[in-house]
Amino acid sequence: MALSLIIEKEYVQKSERVKSVDFHPAEPWILASLHSGTMCIWNYQTQTVVKSFKVTESPVRSAKFIARENWVVSGADDKYIRVYNCNTSEKCKEFEAHEDYIRCVAVHPSLPYVMSASDDMVIKLWDWEKDWLCTQIFVGHSHYVMQVAFNPKDTLSFASASLDGTIKIWNLHSAVPSFTLDGHSKGVNCVDYFTGSHEPRLLTGSDDFTVKVWDYQSKISLQTLEGHKHNVTLVCAHPELPIIITGSEDANICIWDATTYRLLETLNYDLGRVWTIGYKKGSYKIILSLGVEEEE
């Protein structure tokens, strides 16, 4: 199978760093959160800025659309979660959520929940129908929690990736992890569930330069993907195509066969370290956020 990744359009936002991107499920919009403390919504068809939100003076490491409420939600280094209306730009909610940097926010696919993960080593669940009450605190990691992802096959469970080198699987109704996956030799930066496969598989990327594929029911590592030369910062199991996409601080994007795990192609656009990826279901479009960044 011959695959190639072609840049159809290029979007430029003057900023030190792009920290996250997210596709709107219905509109032709891309949400980008920036190191400068700003969020921007881009229309990728007209190549224009729809909205721009000056959120804070601190980096906004994660932002997501909550399309069913017409909101965007962000988590920043100032420890605050903020919610804005997409149409009016009005700030709907602002509150201090953690004791340290917020690395990730994730929106539940059907329930009124947002999950946040932080350098304070905990994960929190927020219910917007209860005025953003924190309904659960998940404790178990011993280092920064870098990312969380809801399980699309069981939306009452989720996975977390941490610099303590582990991946933990949780249930929304329990404050302690259901079990731990341990196999990387260094910190784990990213996690994603396979959605197009019937098999219970999970994907993780690490500072040990590798990507691992897990069977989260049998709790074993099925495959280790080796090809990057620096920390792996993103993993993506494409929801429709039988491919895995990974990105790294080595500035490479690797495309893998999701069945055989063979490396199909390595791409490098000379744009610096790769930090984040977004995709839109049903469109076969992928947006990569690439940026040259100095070491933190």
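Residues numbered from 1 in each chain as written. Predicted model: local features only at pLDDT ≥ 70, side-chain atom pairs only at ≥ 80, totals over all residues. Heavy atoms only, no water.

As annotated in an unreviewed UniProt entry, the protein carries the name Beta'-coat protein and is attributed to Morella rubra.

K.L.:
Describe the pattern of salt bridges, naming the residues involved and giving the relevant values.
P.N.:
All told, the structure shown has seven salt bridges when counted by the stated rule. Ionic pairing is found between Arg-82 and Glu-94, a salt bridge with its closest N-O pair at 2.7 Å. Here Arg-82, found in strand 7 (residues 80-85), pairs with Glu-94, found in strand 8 (residues 91-96); they are 12 residues apart in sequence, far enough to count as distant. Owing to a relative accessible area of 37%, Glu-94 belongs among the partly exposed residues under this scheme. For Lys-91, the salt bridge identified is with Glu-94, shortest N-O distance 3.3 Å. Given a relative accessible area of 37%, Lys-91 falls into the partly exposed group. Look at the salt bridges and you will find they share partners, linking Asp-78, Arg-82, Lys-91 and Glu-94 into a network. (Salt bridge = Lys/Arg side-chain N within 4 Å of Asp/Glu carboxyl O. Helix = DSSP H or I, 4+ residues; strand = E, 2+ residues; numbered from the N terminus. Buried < 20%, exposed > 50% of the residue type's maximum accessible area, 1.4 Å probe, protein only.)

K.L.:
With reference to specific residues and values, describe the side chain of Thr-56.
P.N.:
Position of Thr-56 among the secondary structure elements: in the loop between strand 4 (48-54) and strand 5 (60-66). Polar contacts involving the side chain of Thr-56 include one to the side chain of Asp-78, which spans 2.8 Å. (Polar contact = N/O pair within 3.5 Å; in protein donor to acceptor, adjacent residues only side chain to side chain.)

K.L.:
Any details on the sheet that holds strand 18 (residues 201-206)? Residues and values, ideally.
P.N.:
Ordered in space as 17-18-19-20, the four strands form an open sheet in which the pairing is antiparallel. Because the sheet does not close on itself, it has two edges, and the strands there are strand 17 (188-193) and strand 20 (220-226). Each strand of the sheet is rotated relative to its neighbour by a mean of 20 degrees, with strand direction disregarded. (Pairing = 2+ DSSP bridges. Axes fitted to C-alpha atoms, helices over the stretch in contact; angles between N-to-C directions.)

K.L.:
Provide a residue-level description of the sheet that holds strand 4, including the pertinent values.
P.N.:
On the basis of which strands lie adjacent, the open sheet formed by four strands has the order 1-2-3-4 and antiparallel pairing. Each of the sheet's edge strands pairs with one partner strand only, and the pair in question is strand 1 (18-23) and strand 4. Mean inter-strand twist for the sheet, computed between neighbouring axes without regard to direction, equals 20 degrees.

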